[in-house]
Amino acid sequence: MSETTLLLDGISKSYKGAVGGPVTVLKEASIALKRGEVVALVAPSGAGKSTLLHIAGLLDTCDAGRVVINGTDMTRLGDNARTAARRQQVGFIYQFHHLLPEFTAAENIILPQLANGVPKAQARDRAADLLASVGLSPRAGHRPAQMSGGEQQRVAFCRAMANQPSVLLADEPTGNLDPDTSDQVFSVLMELVRDTGLSALIATHNLQLAAKMDRVLRLDAGRIVTAQA
Ligand code: ADP
Ligand code: MG
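Residues numbered from 1 in each chain as written. Chains lettered and ligands numbered in written order. Predicted model: local features only at pLDDT ≥ 70, side-chain atom pairs only at ≥ 80, totals over all residues. Heavy atoms only, no water.

Draft legend 1. Up close: the nonpolar core. Membership of the largest hydrophobic core comes to 41 residues, with the highest contact counts inside it found for Ile109, Leu131, Val155, Leu168 and Val193. When residues of this core are traced back to their parent elements, those giving at least two are strand E3 (38–42), helix H3 (105–115), helix H4 (120–133), helix H5 (149–161), strand E7 (167–171), helix H6 (179–196), strand E8 (199–204) and helix H7 (207–210). The residues contacting Val193, other than those within four sequence positions of it, are Val38, Met161, Leu168, Leu198 and Ala200. Counting 30 residues, the second-largest nonpolar core is a separate cluster that includes Leu26, Leu41, Ala56 and Leu201. (Core = buried A, V, L, I, M, F, W, Y, C linked by side-chain atoms within 4.5 Å. Buried < 20%, exposed > 50% of the residue type's maximum accessible area, 1.4 Å probe, protein only. Helix = DSSP H or I, 4+ residues; strand = E, 2+ residues; numbered from the N terminus. Contact = heavy atoms within 4.5 Å.)

This is how it looks when you write it as structure tokens:
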């Protein structure tokens, strides 16, 4: 039985107020992610990958269409319920790590758990386990500025996994790294994703990385089309 964890159903989005009139970015874009499936979202810069991921991650709203996560239509929820659903069900990874600079690696993974009501000791243990799983136990007490780009991004993966989401969204997660580091860090991400069995939608314009995923989707003129890897 294949269970849909994330359904994007006919998502449309225009940015109003742009110079020269509204910019239509998404036109009835639809994606269904099954549990455990890892899908690449490939498109050139400016095609709308970040826009789509932000809508899927409940970080932005759409003009039309539905975002359904584990059977709940998120587009119909109020702000508080959406925020709670985002914390509990979605992990988000940005191209730039977006870690809080004044906190250590461990603290960056603990804080989202505390916001989600997890007891402190349990949050600490989970942060330690996650850091160990990406080979970063020795960096637990380091701040982001004391780590390399690849290390920062591995901590960001742990943070995204902190609340055991069922859907992981990653926006060019290795786009900021040199090619060798990018390959290594991507392997770490894939291992984490496969170990937890969650669904992932990963934007990239690296076709070699895309080919390692289960399916490749392309954003073309605001619509989702299937691409051959
Ligand atoms: P990608 O992530 O594929 O590079 P984006 O989703 O960032 O694409 O952007 C898609 C299009 O929407 C681009 O043309 C971009 O200029 C435009 N855009 C993105 N954000 C805004 C915004 N806040 N206001 C106006 N236009 C925007
Ligand atoms: Mg982008």
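Draft legend 2. Region of the structure containing H3. Within H3, the full set of buried residues consists of Ala105, Ala106, Asn108, Ile109, Ile110 and Gln113. For H3, the elements touching its buried residues are H4 and H5. Once H3 finishes, Gly117 follows within two positions and takes phi at roughly 90 degrees, a positive value.

Draft legend 3. Structural detail: the sheet that holds E3. Sheet architecture is open: six strands sit in the order E6-E7-E8-E3-E9-E10, paired in mixed fashion. Edge strands, defined here as strands with exactly one partner in the open sheet, are strand E6 (90–93) and strand E10 (223–227). For this sheet, the mean inter-axis angle between neighbouring strands, taken without regard to orientation, is 20 degrees. In this sheet, strand E9 (residues 215–220) lies alongside E3 in parallel orientation, the contact comprising four bridges. For Val42, the partnering residue across the bridge sits in E9 and is Arg218. The strands that H6 touches are E3, E6, E7 and E8; relative to E3, the one it contacts most, it runs at about 135 degrees. (Pairing = 2+ DSSP bridges. Axes fitted to C-alpha atoms, helices over the stretch in contact; angles between N-to-C directions.)

Draft legend 4. Focus on the side chain of Thr174. Looking at the element boundaries, Thr174 is found in the loop between E7 and H6. Classification of Thr174 by relative accessible area gives buried; the value is 7%. Once you skip the residues sitting within four places of it in the chain, Thr174 turns out to touch Ser182, Val185, Phe186 and Leu209.

Draft legend 5. Seen up close, the site of ligand 1. Near ligand 1 the following residues occur: Tyr15, Val25, Pro44, Ser45, Gly46, Ala47, Gly48, Lys49, Ser50 and Thr51. Here an oxygen atom of ligand 1 sits 3.0 Å away from a polar atom, N or O, in the main chain of Gly48. Side-chain polar atom of Ser50 to an oxygen atom of ligand 1: 2.9 Å apart, as the coordinates give it. For ligand 1, whose unbound accessible area comes to 560 Å², protein coverage reaches 59%. Looking at the shell around ligand 1 element by element, the count peaks at three residues for helix H1 (residues 49–56). (Near = heavy atom within 4 Å. Polar contact = N/O pair within 3.5 Å; in protein donor to acceptor, adjacent residues only side chain to side chain. Areas by Shrake-Rupley, 256 points an atom, 1.4 Å probe, with all protein chains shown as cover.)

Draft legend 6. Looking closely at the pattern of salt bridges. Tallied over the full model, the rule gives nine salt bridges. Between Arg194 and Asp214 there is a salt bridge, and its shortest N-O distance comes to 2.8 Å. Remark: Asp214 occurs in the loop between H7 and E9 and Arg194 occurs in helix H6; sequence separation between them is 20 residues. According to the relative accessible area criterion, Asp214 is partly exposed, its value standing at 41%. (Salt bridge = Lys/Arg side-chain N within 4 Å of Asp/Glu carboxyl O.)

Draft legend 7. Focus on the packing of aromatic side chains. Summed over all chains, the structure comprises one aromatic pair. With 4.8 Å between their ring centres and 45 degrees between their planes, Phe92 and Tyr94 make a pair best called tilted. Take Phe92: its relative accessible area is 11%, and that puts it in the buried class. By relative accessible area, which is 23% here, Tyr94 ends up partly exposed. (Phe/Tyr/Trp six-rings, centres within 6.5 Å; stacked < 30°, edge-to-face > 60°.)

Draft legend 8. Structural view of the sheet that holds strand E4 (residues 64–69). As summarised here, the arrangement of the four strands in space is E2-E1-E4-E5, forming an open sheet in which the pairing is antiparallel. In this open sheet, the two edge strands, each paired with only one partner strand, are strand E2 (23–34) and strand E5 (72–73). Of the strand pairs in this sheet, E4 and E5 are connected by two bridges, and their pairing is antiparallel. The partner of Val68 across the bridge, within E5, is Asp73.

Functional significance is not addressed by these values, which are geometric in nature.
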